[in-house]
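Observations on chain architecture
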Amino acid sequence: MDHKIALELLESYLFGTLDDAERAAVEAHLLTGCAECTARLRDVSELSVRLAQAVPQVQAPARAKERLFDRIRTTHHPAKRARASSGRLRFAWGMAGVATAAAGVLLWQTTVLRDELRTTNRLLASTIADTGRLRTELSTYRAEVEKYKDAMMLGEPGVRFVSLDGMEPNRDAFGNVVCKPDMSAGMLYVYRFPMAPEDKEYQLWGLRDGLPPVSLGMFTVDPNGAAMLKMKLIPEATHIVGFAVTIEPKGGMSQPTGMMYVKGMDPMEEGEG
Amino acid sequence: MAKTRAESGQRNDPARDVALLRRIHERDEGALSAFYDRYSTFVYSLARSVLRDDGDAEDVVQDVFFRVWERADAFDPDRGSPAAWLTTMTRRLAIDRTRSRSFRARGREAPLEAVAGSASDAGRDSVTNSAEANEVLAALEQLEPAYREVIRLSYYEGLSHSGIATKLGTPLGTVKSRLREGVTQLRRILAIKT
Ligand SMILES: [Zn+2]
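Reading the values: rules and limits
- Residues numbered from 1 in each chain as written.
- Chains lettered and ligands numbered in written order.
- Predicted model: local features only at pLDDT ≥ 70, side-chain atom pairs only at ≥ 80, totals over all residues.
- Heavy atoms only, no water.
- Helix = DSSP H or I, 4+ residues; strand = E, 2+ residues; numbered from the N terminus.
- Buried < 20%, exposed > 50% of the residue type's maximum accessible area, 1.4 Å probe, protein only.
- Contact = heavy atoms within 4.5 Å.
- Areas by Shrake-Rupley, 256 points an atom, 1.4 Å probe, with all protein chains shown as cover.
- Donors = N, O, S within 2.8 Å, 3.2 Å for Na, K, Ca; no water.
- Tetrahedral: all angles 85-135°; square planar, octahedral: opposite > 155°, others 65-115°.
- Pairing = 2+ DSSP bridges.
- pLDDT = per-residue confidence, 0-100.

Concerning the overall build of chain A
Helix and strand content of chain A: 7 helices and 8 strands. Counting across all 273 residues of chain A, residues that qualify as buried make up 53%. Relative to all contacts within chain A whose residues are 6 or more apart in sequence, the contacts with residues 24 or more apart total 65%. Total accessible area on chain A is roughly 12600 Å²; 55% of this is exposed by carbon and sulfur atoms.

Next comes the structure, spelled out in structure tokens:
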């Protein structure tokens, strides 16, 4: 999407009044990492919070919390164990990004929140050291998304995003799958993978409920441990609920046999059943 | 003044919220519980103002916090604070709900509930405005009426650009530029810095 058009739609994007197509188009433009749009988005999002505070404040019924916890406890989470690991990495970005917001807080809460802020600042100091390196990785990632955006039709409504988390012993590995809802096209992006030995390749699997996994393609990683894979087309009726990557003999296997590196379940699919 | 700041500061504490989100991502139910306690009133009230139905608003609360639990990693600090993330998610889910067929079938296309006690109904005893709300209302009052109206229709009535253009009989381009300029002015009045 054209930058000027995206910029025009940002308020409505935040206010939730865009239709699906416009919303997806704005998302796609934001994924390019456009600095001006991201800055405007951040500014207007704080105004959106303030406007929300002006509606009459009413407590939610107590049963709402019970319902929520019933729901999360009865939802199956096969990827639960793996989540904790890559969280550390992603939230390192989180803490760094909060530096700006925390600086704003500093200005007007000096007396009241001094102690809390001291803690915050210590936390920030320790994470800011990592910021430079992580920012570089982030911009590489975004550049890659941009490069493949058209192929992926990220702007289409209903596109599925699934995060893949690193498994032991390669907990730093992570990835994302972006695919059309009907699986007629999809891309895999992985990062921080070890180089595979000469006779091995990585293989991407589509996980199915109660059925064996289906192969979605083979790949190797570049010297930085990153790779992109345009996924193999699969029959429309195949219902994929998640993705995993294993290491396999060159040429691939019909079923996974090697060590699993990353895995992720589609939360939307999980939620349904 | 210090008291007001402290109260709103509790909500606008992004570092603490990010720490909670990180624990939520690691499947810490205690963190979800704490995050819920901080924001459930905020989310419920916002959803209720869009949907004008307590049951629907409760469903949105479920969906918002369930998504937080499932996708805490989708939070992107570059795009704003956790509170901003929640606000966007809540508005989107609530407005999408108003647009769904079942919602229409139930005849809820009526204008959405307006902002808390605006100048006209200030003092209505059912509405006790917080200091935060009063500050925002005062800022809205300072806007030029044309800008205020577009913000009201967009934010508090959830109308799209074209919906506003139709309602006001104003060209689409004018609606877009007024919304943009109104938002910019409002930010200036409220001295929002990020
Ligand atoms: Zn842009």
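Okay, back to it.
Some remarks on the coordination of the zinc ion
Residue and element names in this part refer to chain A. Those donors, His-3 (ND1), His-29 (NE2), Cys-34 (SG) and Cys-37 (SG), are the protein atoms that reach the zinc ion, and they lie 1.9 to 2.3 Å from it. Here the zinc ion is ringed by 4 donor atoms whose angles at the metal span 105 to 120°, and the overall shape comes out tetrahedral. Sequence positions of the donors to the zinc ion reduce to the motif H-x25-H-x4-C-x2-C. Each of the two residues, His-29 as well as Cys-34, counts as buried.

Observations regarding the pairing of strand β2 (residues 174-179) of chain A
Note on strand geometry: in a regular strand, side chains alternate between the two faces of the sheet. Residues and elements named next belong to chain A. Most of β2 is tucked away, with 6 of its 6 residues classed as buried. A two-sided burial pattern is seen for β2, the buried positions comprising Phe-174, Asn-176 and Val-178 on one face and Gly-175, Val-177 and Cys-179 on the other. Here strand β1 (residues 160-166) runs beside β2; their pairing, made up of 6 bridges, is antiparallel. From the neighbouring strand, Phe-161 faces β2, where its bridge partner is Val-178. Of the strand pairs in this sheet, β2 and strand β3 (residues 186-191) are connected by 6 bridges, and their pairing is antiparallel. In the sheet register, Cys-179 faces β3, and the bridge partner there is Gly-186. The antiparallel pairing of β2 with β3 creates a hairpin that spans 6 residues between the two strands, and Met-183 there sits at a positive phi of about 65°.

A short note on the confidence of the model for chain B
Residues and elements named next belong to chain B. With 78% of its residues at a pLDDT of 70 or more, chain B has an overall mean of 81. Contacts for the low-pLDDT stretch residues 1-10, under 50 throughout, to residues beyond four places or in other chains number 12 contacts. For the stretch residues 106-127, pLDDT sits under 50, and the model shows 35 contacts to residues farther than four places along the chain or on other chains. With a pTM of 0.57, the predicted complex shows an ipTM of 0.85.

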